[in-house]
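Structural overview
Chain by chain, the residues run as shown.
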Amino acid sequence: MSGAQGPYFDLRVERVVDETHDSRSFVLAIPDDLKATFAYRAGQFLTFGVHVEGHQWVRCYSLASCPDTESEHKVTVKRVEDGRVSNWFNDRVSPGLTLHVMKPAGHFCLQDREAPLVFFSGGSGITPVISLIKSALATTRRTLHLVYANRDADSIIFGAELTALAEGHPDRLAVTHRLDDVDGFLDEPAAREAVAASPEADFYICGPEAFMDVAEAALAAESVADERVFIERFATPDLDVPGSGTETAPGESEDAAEVYLDGEVHRVSVQEDETILAACHRLGIDAPCACTEGYCGACMARVKAGQVEMLLNDGGLDDDQVEEGWVLTCQTRVRSPGVKVEYPDAD
Ligand SMILES: Cc1cc2nc3c(=O)[nH]c(=O)nc-3n(C[C@H](O)[C@H](O)[C@H](O)COP(=O)(O)OP(=O)(O)OC[C@H]3O[C@@H](n4cnc5c(N)ncnc54)[C@H](O)[C@@H]3O)c2cc1C
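Let us look at the structure shown here. All values derive from a computational prediction rather than experimental measurement. (Residues numbered from 1 in each chain as written. Predicted model: local features only at pLDDT ≥ 70, side-chain atom pairs only at ≥ 80, totals over all residues. Heavy atoms only, no water.)

**With respect to the overall build of the protein chain**
Per the secondary structure count, the protein chain includes 8 helices and 18 strands. Residue pairs at least 24 apart in sequence account for 70% of intrachain contacts in the protein chain once pairs closer than 6 positions are excluded. Counting only carbon and sulfur atoms, one obtains 46% of the accessible surface of the protein chain, whose full area is about 15,800 Å². (Helix = DSSP H or I, 4+ residues; strand = E, 2+ residues; numbered from the N terminus. Contact = heavy atoms within 4.5 Å. Areas by Shrake-Rupley, 256 points an atom, 1.4 Å probe, with all protein chains shown as cover.)

**Quick word on the pairing of strand E4 (residues 55–62)**
Alignment of strand E3 (residues 45–52) against E4, held across 8 bridges, turns out to be antiparallel. Along E4, the bridge assignment pairs Val52 with His55. (Pairing = 2+ DSSP bridges.)

**Here we look at the pattern of salt bridges**
All chains considered together, the criterion is met by 15 salt bridges. A salt bridge links Asp18 to Arg24, with the nearest nitrogen and oxygen atoms 2.6 Å apart. In this structure Asp18 comes out as exposed when scored by relative accessible area, which is 55%. Salt bridges here are not isolated pairs; linked through shared partners, they connect Glu70, Lys134 and Glu161. (Salt bridge = Lys/Arg side-chain N within 4 Å of Asp/Glu carboxyl O. Buried < 20%, exposed > 50% of the residue type's maximum accessible area, 1.4 Å probe, protein only.)

**Some words on the side chain of Ser198**
In this structure, Ser198 sits in the loop between helix H5 (188–197) and strand E10 (202–206). Residue contacts for Ser198: discarding those within four places in its chain leaves Val118 and Phe203.

**Comments concerning the sheet that holds E4**
The 6 strands are arranged E4-E3-E6-E1-E2-E5 in an open sheet whose pairing can be described as antiparallel. Each edge of the sheet is formed by a strand with only one pairing partner; in this case those strands are E4 and strand E5 (73–78). The mean angle between the axes of side-by-side strands here comes to 45°, regardless of whether they run parallel or antiparallel. Examined bridge by bridge, strand E1 (residues 9–20) and strand E2 (residues 23–29) share 7 bridges and lie antiparallel to one another. When the sheet's bridge partners are listed, Arg12 is paired in E2 with Ala29. (Axes fitted to C-alpha atoms, helices over the stretch in contact; angles between N-to-C directions.)

**Points about the packing of helix H2 (residues 126–139) against helix H3 (residues 159–168)**
Interaxial distance between H2 and H3 falls to 12 Å at its minimum, and their mutual angle equals 20°. Regarding the angle of H2 to H3, the classification is roughly parallel. Read as a crossing pair, H2 and H3 show a hand that is left-handed. Along the contact surface, H2 presents Ile126, Ile130, Ile133, Lys134 and Leu137, while H3 presents Glu161, Leu162 and Leu165. Taken together, the residues of the contact of H2 with H3 sort by class into 6 nonpolar, no polar and 2 charged. (Parallel < 35°, antiparallel > 145°, perpendicular 65-115°, else oblique. Left-handed = near helix turned anticlockwise from the far one by under 90°. Nonpolar A, V, L, I, M, F, W, Y, C, P; charged D, E, K, R; others polar.)

**Description of the nonpolar core**
If you look at the biggest cluster of nonpolar residues, it comprises 37 residues, and the most contacted ones within it are Val268 and Tyr343. Elements represented by at least two residues in this core include exactly strand E12 (257–261), helix H7 (276–282), strand E14 (300–305) and strand E16 (326–328). Take this core: its biggest share by element is 4 residues, from H7. The next biggest cluster of nonpolar side chains, apart from the first, holds 27 residues, and it includes Leu117, Phe158, Leu165 and Tyr204. (Core = buried A, V, L, I, M, F, W, Y, C linked by side-chain atoms within 4.5 Å.)

**Structural notes on the environment of Thr76**
Positionally, Thr76 belongs in strand E5. Note on Thr76: relative accessible area 4%, which makes it buried. Separated by 10 residues in sequence, Thr76 and Ser86 place their C-alpha atoms 9.8 Å apart. Once you skip the residues sitting within four places of it in the chain, Thr76 turns out to touch Glu19, Arg24, Ser25, Tyr61, Ser62, Ala64, Thr127, Ile157 and Phe158.

**Details of the site of the ligand**
Close to the ligand lie 21 residues; Cys60, Tyr61, Arg84, Ser86 and Thr127 are nearest. The contact in question runs from an oxygen atom of the ligand to an N or O atom on the side chain of Tyr61, over 2.7 Å. Lys78 has a polar backbone atom sitting 2.9 Å from an oxygen atom of the ligand. When the ligand sits alone it has 970 Å² of accessible area, and the protein chains cover 69% of it. Elements with a minimum of two residues in the shell around the ligand: E4, E5 and helix H1 (84–92). Sort the elements by how many residues they give to the shell around the ligand and E4 lands first, with 4 residues. Along the lines of polarity and charge, the residues of the shell around the ligand split into 8 nonpolar, 6 polar and 7 charged. (Near = heavy atom within 4 Å. Polar contact = N/O pair within 3.5 Å; in protein donor to acceptor, adjacent residues only side chain to side chain.)

The structure is reproduced here in structure tokens:
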């Protein structure tokens, strides 16, 4: 298989597209023998392992391309102020570079229904949403309304593509742009208006935390059932406050797990009701993670010794990976002394 390294596959960057002053798209070449591995559904994301300034980081980026309408795999990365990986992508990644990428994952996908669709999207939250829009237009007869918030007109990612899609489907797709510098932040009355206009719709939300809070509050106020609301969170949820404990010295506790990460070994006392990931973060060990809900795979590590219990695997690992001893550390507890787990190296 093409350069498989643990859960990572080597993919070459084929093309880089300037989208806005602070975002770029990266088109990845998928070799023939990885086409099946990298088959995906609209709304899913890829997880990248990258080395920046001597440290390995793991980050997820949604596919903005659509498997129903185009053959390329494209992710779009928006700069985050002082963000380590988003700026590295925008500054350093050029055609020809090889990236270390996990297979597609995620549940932010269309349901098999014919109800209208309403999307609340803010900033880079448009990436999975435009994929869903293209998929719904191509494969269903559903009507769609996108409420898309941005700081200003220059920050709108995929503005021209969205205009073309709306012009091509005037009876099915409506796009409402919301610009902070003109309209102010999206507020609950405006969000409720969009909800009330399509009370039977499926609702998809992806954007900055505060924006998503407003959309969720509007949906709750309009009594929309939870099963019709789909949310993709780009931010990593807060785990325990990092750095509030110390690692166990060798010999100090037989029960301490050994965690191999980024060329170092850490001795971590994992409490009975604590996951390996949470214990690492409690000690200030920067173990990778993203969703922390068992579906993205960003926190996967391989168990080298000892007994562990994985409470949930919601698609983050496939059967072969489980068979090979991989676990999702956000869902895994230690069940014996002498546990050793190793996070994969993307190189
Ligand atoms: C499922 C999923 C899909 C995603 N899809 C996309 C996408 O399509 N496009 C996209 O652009 N993003 C997407 N993201 C977000 C992306 O994964 C990254 O979280 C984002 O790019 C920021 O990463 P970074 O390394 O640049 O920022 P980080 O370095 O992690 O920094 C994030 C923030 O923390 C602050 N910070 C950095 N270091 C420290 C420190 N030591 N102490 C305190 N604060 C600090 C930074 O100032 C910054 O504000 C997605 C996330 C998920 C979970």
